[in-house]
Amino acid sequence: CETCSKEEAKYRCPRCMKYSCSLLCVKKHKLALSCNGVRDKTAFISVNEFTDLNLLSDYRFLEDVGRTADAAARHCIVHSPATKRLLYCLRNKARGCNIELKTLPVGFTKRRENSTTFNSAENKFYWHLKLIFPHCHAEYTLKRVPDDKTLADILKPYIDPVESDPVVCQRLKIYTASPQSDVRILMKIENRSRNSVRYNELDASRSLLDNLKGKVIIEYPTLFVVLKTLKNDMVVLGQDGSEPAENSDSESSSLSSVEEGEIRDSS
């Protein structure tokens, strides 16, 4: 058992592949790793490990996606004039800010979750925002984040040693214990192939709107908060979009399957 290290393992988590000996240890590992125990249908599997069961699983996944997309296309809300006007307005306003905002069909998880709005009176976006702290296996969802708020202020309730919530601070202690200069904020570059995942580094001192300019966003921004010394598997492009010299094209991010799963999830 990888939780108590005392008893012989009887169970294996379908998602993180951790071995457990009892229901109590299963619950402990889910709490410690924020694991939901549900198998990740989009997790990467090498060719050498690919079996007939994986092929069948992929086939069923594609069938589910097809059914969901068809149901979404028939959904009455999709054809609602009010919904179309709202989405058109959001995309148009984003385009005016040099942001390419893309929306998913009704039925996709990110479409249901998204609470982003644009306030015409204030001429301001209020973004739905997701923060992922990969070194602690933690993620948080923020709603109605004004676009003029700096990333540093957005992160204060989470990683600031003084201003952060005690419970959150304890969970993210690897961040709060590290110098603030080591914290990096990354955003995945969309429209790239799965085996070529790359990230842009954002400026914590600038506003959310300034950081999103020139970016492609699918539904809402997802930011990865990492430490400089622990982000070796995440390839960050330079300001000019060039590949960093120390990274080769064969490198891939361990987080690619997570993000890809969020986009493709149609449950």
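From a predicted model like this one, the values you see are computed outputs, not experimental measurements. (Residues numbered from 1 in each chain as written. Predicted model: local features only at pLDDT ≥ 70, side-chain atom pairs only at ≥ 80, totals over all residues. Heavy atoms only, no water.)

Undergrad: What should I look at first to understand empty space enclosed by the protein in this one?
TA: It is the rolling of a water-molecule-sized probe over the atoms that shows where space remains empty. Tallied over the full model, the rule gives 1 cavity of 30 Å³ or more. Within this model, the largest cavity holds a volume of roughly 70 Å³. Every residue lining the largest cavity is counted, 11 residues in all, and those nearest its centre are Met-187, Glu-190, Tyr-220, Pro-221 and Thr-222. Of all the elements in the fold, those that place two or more residues in the lining of the largest cavity are β7 (183-188) and β9 (216-218). The greatest single-element share of the lining of the largest cavity, amounting to 3 residues, is contributed by β9. For the lining of the largest cavity, a count of residues per class yields 6 nonpolar, 1 polar and 4 charged. (1 Å grid on protein atoms, 1.4 Å probe; cavity = no way out; pocket = protein on both sides within 12 Å on 5 of 7 lines; lining within 4 Å. Points joined across faces, edges and corners; volume = space filled by probe spheres on them. Helix = DSSP H or I, 4+ residues; strand = E, 2+ residues; numbered from the N terminus. Nonpolar A, V, L, I, M, F, W, Y, C, P; charged D, E, K, R; others polar.)

Undergrad: I keep staring at unusual backbone geometry and nothing clicks. Help me out?
TA: Peptide bonds are, in most cases, trans, and in most cases residues other than glycine have a negative phi. Positive phi is not limited to glycine here, since Ser-34 has a value of about 55°. Within the secondary structure layout, Ser-34 lies in the loop between α1 (23-33) and α2 (52-74). Classification of Ser-34 by relative accessible area gives partly exposed; the value is 37%. One non-glycine residue with positive phi stands out, namely Arg-144, at about 55°. With respect to the helices and strands, the residue Arg-144 is situated in strand β6 (residues 138-146). (Buried < 20%, exposed > 50% of the residue type's maximum accessible area, 1.4 Å probe, protein only.)

Undergrad: What's the story with the packing of aromatic side chains in this structure? I'm lost.
TA: Two numbers describe a pair of aromatic rings. These are the distance of the centres and the angle of the planes. Scanning all chains against the criterion turns up 7 aromatic pairs. Between Phe-118 and Phe-125, the ring centres sit 4.9 Å apart and the planes meet at 70°, which makes this aromatic pair edge-to-face. Under the relative-accessibility criterion, Phe-125 is labelled buried at 0%. Taking the centre distance of 5.6 Å and the plane angle of 85° together, the rings of Tyr-199 and Phe-224 count as edge-to-face. In this pair, Tyr-199 is assigned in strand β8 (residues 199-202) and Phe-224 in strand β10 (residues 222-227), connecting sequence segments 25 residues apart. Judged by relative accessible area, which is 0%, Tyr-199 ranks as buried. (Phe/Tyr/Trp six-rings, centres within 6.5 Å; stacked < 30°, edge-to-face > 60°.)

Undergrad: Please explain helix α5 (residues 151-159) as it appears in this structure.
TA: Each α-helix winds once per 3.6 residues, and so residues spaced three or four apart point in a common direction. Considered for burial, the residues of α5 that qualify are Leu-151, Ile-154, Leu-155, Tyr-158 and Ile-159. For α5, the angular spread of the buried residues around the axis is 110°, confining them to a single face. (Arc of directions from axis to C-beta.)

Undergrad: Looking at this structure, I do not really get a nonpolar patch on the surface. What am I missing?
TA: There is a patch of nonpolar side chains on the surface, built from Ile-45, Phe-50 and Leu-55 and spanning about 250 Å² of accessible area. Residue position: Leu-55 is located in helix α2. (Patch = residues over 30% accessible without salt bridge, like charges linked within 9 Å, V, L, I, M, F, W, Y side chains within 5 Å. Areas by Shrake-Rupley, 256 points an atom, 1.4 Å probe, with all protein chains shown as cover. Salt bridge = Lys/Arg side-chain N within 4 Å of Asp/Glu carboxyl O.)

Undergrad: I would appreciate a short explanation of the pairing of β10 in the present structure.
TA: The side chains of a regular strand alternate, first on one face of the sheet and then on the other. Of all the 6 residues making up β10, 6 are buried; the element is thus mostly covered by neighbouring parts of the structure. The alternating pattern of β10 places Thr-222, Phe-224 and Val-226 on one face and Leu-223, Val-225 and Leu-227 on the opposite face, and all of these are buried. For strand β5 (residues 124-133) and β10, the ladder comprises 3 bridges, and the chain directions are parallel. Note on β10: the bridge partner recorded for Lys-130 is Thr-222. The pairing of β7 with β10 spans 5 bridges and is antiparallel. Counted as the bridge partner of Leu-186 is Phe-224 from β10. (Pairing = 2+ DSSP bridges.)

Undergrad: Help me understand the nonpolar core in this model?
TA: Note on soluble globular proteins: their nonpolar side chains tend to be buried together. If you look at the biggest cluster of nonpolar residues, it comprises 34 residues, and the most contacted ones within it are Leu-131, Phe-133, Tyr-158 and Leu-172. Residue assignment for this core shows that the elements contributing at least two residues are α3 (81-96), β5, β6, α5, β7, α8 (208-212) and β10. Setting aside anything within four residues of it in sequence, one finds Leu-131 in contact with Ala-138, Glu-139, Tyr-140, Leu-142, Ile-154, Leu-155, Tyr-158 and Leu-223. With 7 residues, the next largest nonpolar core counts Ile-132, Tyr-199, Phe-224 and Val-236 among its residues. (Core = buried A, V, L, I, M, F, W, Y, C linked by side-chain atoms within 4.5 Å. Contact = heavy atoms within 4.5 Å.)

Undergrad: Looking at this structure, how should I read the environment of Leu-212?
TA: Its place among the elements puts Leu-212 in helix α8. Setting aside residues up to four positions removed in sequence, Leu-212 forms contacts with Asn-98, Ile-99, Trp-127, Met-187, Ile-217 and Pro-221.

Undergrad: Can you help me understand the confidence of the model for the chain in this one?
TA: Low pLDDT means the predicted atomic positions in that stretch should not be read closely. Chain-level statistics for the chain give a pLDDT mean of 80 and a share of 82% at 70 or above. Element-level pLDDT for the chain is lowest in helix α9 (residues 256-264), with a mean of 43, against a maximum mean of 92 in α8. Segment residues 245-267: pLDDT under 50, and 58 contacts once partners within four positions in sequence are set aside and those in other chains are kept. (pLDDT = per-residue confidence, 0-100.)

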